[in-house]
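The lines below spell out each chain.
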Amino acid sequence: MKDFISVKDIDEKAFEEIYTIFKNYKNRYKNGETKFTDLRGYSILLPFFENSTRTRTSFELAGKILGADTINISGSGSSIKKGETLYDTIKTLEAMQSDFIVIRHYMSGSAHIVAKEVKSHVINAGDGTHEHPSQALLDAFTILENKGKIEGLKIAIIGDILHSRVARSDIKLLKLLGAEITLCGPQTMLPRHIEAFDVDYVTTDIDDALKNKDVAIFLRIQLERQKKVFFSTLNEYSIKFGLNQKRIDLLKEDAVIMHPGPVNRGVEMQSELVYGERSLILDQVENGLFTRMAIYKFLLQQ
């Protein structure tokens, strides 16, 4: 396994291996060991052609903590703005002979194209509406830490399913690990061939979706990907699909809420719930660092 492009690249055995590495790094870091040498002498290129704060920062910091040299390439400052094609960008990246390429791109399938053309380990940090596999891993690790298992859990994923690469990756991984998945969102934000997602239940009624769930994952409304109107107003969306205190009470008593961030406060959930007692959102951010450290290490071992 040279690259990590899709959740489909790993099976349950690989998941357990990465989780073991994740726990090891996190425990050592929490005990004061904040610098490692596992990637000393290695280089990491981070070409990000879409905006990112959490993902880019955690991949960069993960590399630095492990001792690697990291180089950021932003879309706004790259030759793509001058008309360079993805193929030319690939050839440029290949010529730099970096050990890892962590790429985020607005075109679905772009990470796979890059991986076929370069010798470097390629990690998909999000490609269009296709996948975001490292987010799925950190979500699964966060659930495991809190619940002790994933198999048999009832998990609702709510919001802009149509445009969400996080939803696609989460569904694949959580189903692999034995979770029961419910999808919920406006009819206009559910993919046309929703049956291909192989989930257990689909509804447009959020109250129905939240009943007796162990985990509720809310998704960001991706206005930047929407080329037409999918709902009348943000206020209407909040009323019909936003999380409020009344809806939290529909969940199991020990249920948790998650969100890949950034949260549109007052739209996807009420502001006071973002970091409330049920929320694992900051745990997701923290675990993102150790998950990406684990991904680097795992790929090196293959």
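For the structure given in this document, a descriptive report is provided here. (Residues numbered from 1 in each chain as written. Predicted model: local features only at pLDDT ≥ 70, side-chain atom pairs only at ≥ 80, totals over all residues. Heavy atoms only, no water.)

### Observations concerning the pairing of strand S3 (residues 100-105)
Put simply, the rule is: Exposed residues in this analysis have more than 50% of their type's maximum accessible area, buried residues have under 20%, and partly exposed residues fall in between, with area computed by a 1.4 Å probe over protein chains only. Starting at the N terminus, helices and strands are each numbered in turn, a helix being any DSSP run of H or I of at least four residues and a strand any DSSP run of E of at least two. We treat two strands as partners when DSSP finds at least two bridges between them.
Burial of S3 is extensive: six of the six residues sit out of reach of the surface. Burial along S3 is two-sided: the residues Phe100, Val102 and Arg104 and Ile101, Ile103 and His105 are all buried. Pairing of strand S1 (residues 43-48) with S3, which is carried by three bridges, proceeds in the parallel orientation. Across the sheet, residue phenylalanine 48 finds its bridge partner in S3, namely arginine 104. By the bridge criterion, five bridges tie S3 to strand S4 (residues 121-127) in an arrangement that is parallel. In the strand pairing of S4, phenylalanine 100 is matched with histidine 121.

### What about the pairing of strand S2 (residues 69-74)?
Inspection of the sheet shows S1 paired to S2 by six bridges, in the parallel sense. Paired with leucine 46 across the two strands is asparagine 72, which belongs to S2.

### As for helix H3 (residues 86-95)
Put simply, the rule reads: It is the directions from the helix axis to the C-beta atoms whose arc is reported.
Among all positions of H3, only Leu86, Thr89, Ile90 and Leu93 are buried. Taken around the axis of H3, the buried residues stretch over an arc of 100°, which confines them to a single face. In H3, the exposed residues that point more than 90 degrees away from the buried face are Tyr87 and Ala95. Taken from the residues just after H3, glutamine 97 is the one with a positive phi, measuring 55°.

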